[in-house]
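A structural walkthrough
Residue strings, one per chain:
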Amino acid sequence: MDGIDVAIVIGRALAAFLLWLSGTALLIWGERRLVARMQTRVGPNRLGPFGLLQVIADGGKMFFKEDITPKGVDRIIYIAAPIASTVVGLLTFAVIPFGGSFELVGRQVNLQVWDPEIGLLWFLAMSSLGVYGIFLGGWASGSKYPLLGGVRSSAQLISYELAMSLSMGAVFVWAGTLRASEIVAHQAGTFFGFLPAWHVFPMIPAFGIFFIAVVAEAQRPPFDLPEAEGELVAGFHTEYSGAKFAMFMLAEFMAVVTMSAMTVTLFFGGPNGPTFGLAENTLPAALLGLLYFVLKVFVFVFVFVWLRGTLPRLRYDRLMDLGWKVMLPYGLVWVMLTGAVVTLQQEGYTGTVVQVLGVALAIVLLLSFVVPLFNPDARETGGGGGGDGGTPAVEPPDDSEGGRALTPEAETVTIDAEVGGRTPDRTRETVGASRIER
């Protein structure tokens, strides 16, 4: 490797970092503007055109404001936790191809920082390491609210990571490779001459599982239980301020961009798209692929913001039930069906492949209807379960006298008052409206 190769590697890393960082800044600004519009507000509109400079002002304020460290913290881990969350997010983005390829001074340049054979496994490993920064930050703060937020975050990320891994495993079986660039190349061409050969069409159940899982992995609404304000103040970063708090928030928004980029890579062709006659392996074609990639990622970033502006936060037991009782079984079934279809394809049973796909979709739809029947939360009161948490319906007490129930208007309350240390005679007051004499 000579100096030109080193310069190319550094250039690709800088291009990916700038794309990732600028996308995160635009997400912060765009989310504030979009959510404001959804709530009939204006949003940031003072600094710069359309308030674009507000992000720089807020970031500068965060990084230069007073940094308070509470007593009783584990100082080394307390400082290392936000740094780990930010660095892990950057490393996760390294294996995602964000553009095409072109020739430069006799060398092939791919718009991708690193293209290992274990690309999908690298993504899973880095997303798994992200939970350490969150949990260690909550544990090192020395307070009960951050600790509870860290425990919640760990349980949530581990639960939904299983479903996300299974959906990615289905894509790996279908494409026959773990390398991200080869997965993108597998989606080149069209179905039936007009439909893009994206994985989302034959693998739509895997896409549904994956997207729900990445929303939970990014801890975005409606899966933002680790930061529930009404229960945990602010969750795992309650005791953080200044630059360390800003790094946690930056890591969260970075996760949105990274998860959207991986969704595009796995199911929507990555930077693939019509070239309009441009020659392959040229800079214009590579930049056109970059444009396609940015537009696709923007669509999913908008969906993340849309979910925040429309859906309420889930209850924690229902969040865990969704991950373990619904998405995990669906993911297992779909991986097995995908493996069966690929095996039949390799054996040359093309007609059988179509039939198996139809049966697989029918089974998935059937499970979608059958599984809620065994969920106590889904049963109505008349079916033996309550409307909240599966608590059985309880009949109201029969406060009756002589077989006739008392009306609320006839209920009385006995008030015992102590005056000067003495208890006077009991008095009875009628609460509510007086009876209507008939």
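Quick note: structure is the one above.
Before going into details, it helps to say that this report is about the structure given with it. (Residues numbered from 1 in each chain as written. Predicted model: local features only at pLDDT ≥ 70, side-chain atom pairs only at ≥ 80, totals over all residues. Heavy atoms only, no water.)

Turning to the overall build of the protein, a few remarks are in order. The helix and strand tally for the protein stands at 12 helices and 8 strands. Classification of the 438 residues of the protein by burial places 39% in the buried group. Put simply, 70% of the contacts in the protein that link residues at least 6 apart link residues at least 24 apart. (Helix = DSSP H or I, 4+ residues; strand = E, 2+ residues; numbered from the N terminus. Buried < 20%, exposed > 50% of the residue type's maximum accessible area, 1.4 Å probe, protein only. Contact = heavy atoms within 4.5 Å.)

A separate point is unusual backbone geometry. Residue P222 is reached from P221 by a cis peptide bond, and omega for that bond is 5°. In this structure, P222 sits in the loop between α7 (204-217) and α8 (229-232). Backbone geometry places F50, a non-glycine residue, at a positive phi of 60°. When you line up the elements, F50 lands in the loop between α1 (3-38) and α2 (54-64). When its relative accessible area of 60% is taken as the criterion, F50 is described as exposed.

In this structure the tally under the stated criterion is 2 cavities of 30 Å³ or more. In this structure, the largest cavity encloses a volume near 330 Å³. Residue lining of the largest cavity: 22 residues in total, with G130, I134, E217, A251 and A255 positioned closest to the centre. Counting residues per element, the lining of the largest cavity draws most heavily on helix α9 (residues 242-267), which supplies 7 residues. (1 Å grid on protein atoms, 1.4 Å probe; cavity = no way out; pocket = protein on both sides within 12 Å on 5 of 7 lines; lining within 4 Å. Points joined across faces, edges and corners; volume = space filled by probe spheres on them.)

A word on the packing of helix α3 (residues 75-93) against helix α4 (residues 119-140). Contact pair α3 / α4: the axes reach a minimum separation of 8 Å and the direction vectors enclose 160°. Taken together, α3 and α4 sit at an angle that is classed as roughly antiparallel. In the crossing of α3 with α4, the sense of the turn from one axis to the other is left-handed. Residues I77, Y78, A81, A84, S85, V88, L91 and T92 of α3 form the contact with α4, whose own contacting residues are W122, F123, M126, S127, L129, G130, G133, I134, L136, G137, W139 and A140. Residues of the contact of α3 with α4, tallied by class, amount to 14 nonpolar, 6 polar and no charged. (Axes fitted to C-alpha atoms, helices over the stretch in contact; angles between N-to-C directions. Parallel < 35°, antiparallel > 145°, perpendicular 65-115°, else oblique. Left-handed = near helix turned anticlockwise from the far one by under 90°. Nonpolar A, V, L, I, M, F, W, Y, C, P; charged D, E, K, R; others polar.)

Turning to the pairing of strand β2 (residues 107-110), a few remarks are in order. For strand β1 (residues 101-104) and β2, the ladder comprises 4 bridges, and the chain directions are antiparallel. Looking across to β2, one finds that E103 is bridged to Q108. Linking β1 to β2, which pair antiparallel, is a turn of 2 residues; within it V105 sits at a positive phi near 45°. (Pairing = 2+ DSSP bridges.)

A few words on the packing of aromatic side chains. Within this structure, the stated rule accounts for 17 aromatic pairs. A centroid spacing of 6.3 Å and a plane angle of 25° characterise the contact between W20 and F93, whose relative ring orientation is stacked. Taken together, the residues span a long stretch of sequence, with W20 in helix α1 and F93 in helix α3 at a distance of 73 residues. Under the relative-accessibility criterion, W20 is labelled buried at 1%. When the centroid spacing of 5.4 Å and the interplanar angle of 75° are considered together, the rings of F207 and F268 count as edge-to-face. One end of the pair, F207, is in helix α7; the other, F268, is in the loop between α9 and α10 (283-310), and 61 residues separate them in sequence. The exposure class of F268 is buried, given its relative accessible area of 16%. Aromatic rings pair up to connect W198, F201, F207, F210, F211, F267, F268, F300 and F304 into one cluster. When the ring centre of Y316 is taken as origin, the NZ or CZ atom of R152, which lies over that ring, is 5.2 Å away. (Phe/Tyr/Trp six-rings, centres within 6.5 Å; stacked < 30°, edge-to-face > 60°. Lys NZ or Arg CZ within 6 Å of the ring centre and 35° of its normal.)

Another point: the packing of α3 against α9. Interaxial distance between α3 and α9 falls to 9 Å at its minimum, and their mutual angle equals 20°. With respect to α9, the axis of α3 lies roughly parallel. Between α3 and α9 lies a crossing of left-handed hand. For the pair α3 and α9, contact is made by Y78, I79, A81, P82, I83, S85, T86, G89, T92 and F93 and by K244, M247, F248, A251, M254, T258 and A261, respectively. When the residues that make up the contact of α3 with α9 are grouped by side-chain class, the tally is 11 nonpolar, 5 polar and 1 charged.

This part covers α3. An ideal rise of 1.5 Å per residue puts 27 Å on 19 residues; α3 measures up with 29 Å between its terminal C-alpha atoms. By the burial criterion, the buried members of α3 are Y78, A81, P82, S85, T86, V88, G89, T92 and F93. Elements that come into contact with the buried residues of α3 comprise α1, α4 and α9. (Expected span 1.5 Å × (residues − 1).)

What follows deals with the layout of surface pockets. By volume, the largest pocket is sized at about 1000 Å³. Every residue lining the largest pocket is counted, 36 residues in all, and those nearest its centre are I28, R32, M249, L250 and F253. Its residues placed into classes, the lining of the largest pocket shows 18 nonpolar, 6 polar and 12 charged. One number sums up the size of the second largest pocket: a volume of about 780 Å³. In terms of lining, the second largest pocket is formed by 32 residues, of which the most central are G100, V184, P271, N272 and G273. Breaking the lining of the second largest pocket down by element, the ones donating at least two residues are α6 (180-186), β4 (195-196) and α10. Sort the elements by how many residues they give to the lining of the second largest pocket and α10 lands first, with 5 residues. Residue composition of the lining of the second largest pocket, grouped by class: 16 nonpolar, 14 polar and 2 charged.

Here we take up the environment of A16. Topologically, A16 is positioned in helix α1. Looking at A16, the relative accessible area reads 4%, which means it is buried. For A16 and F93, which are 77 residues apart along the polypeptide, the C-alpha to C-alpha distance reads 8.0 Å.

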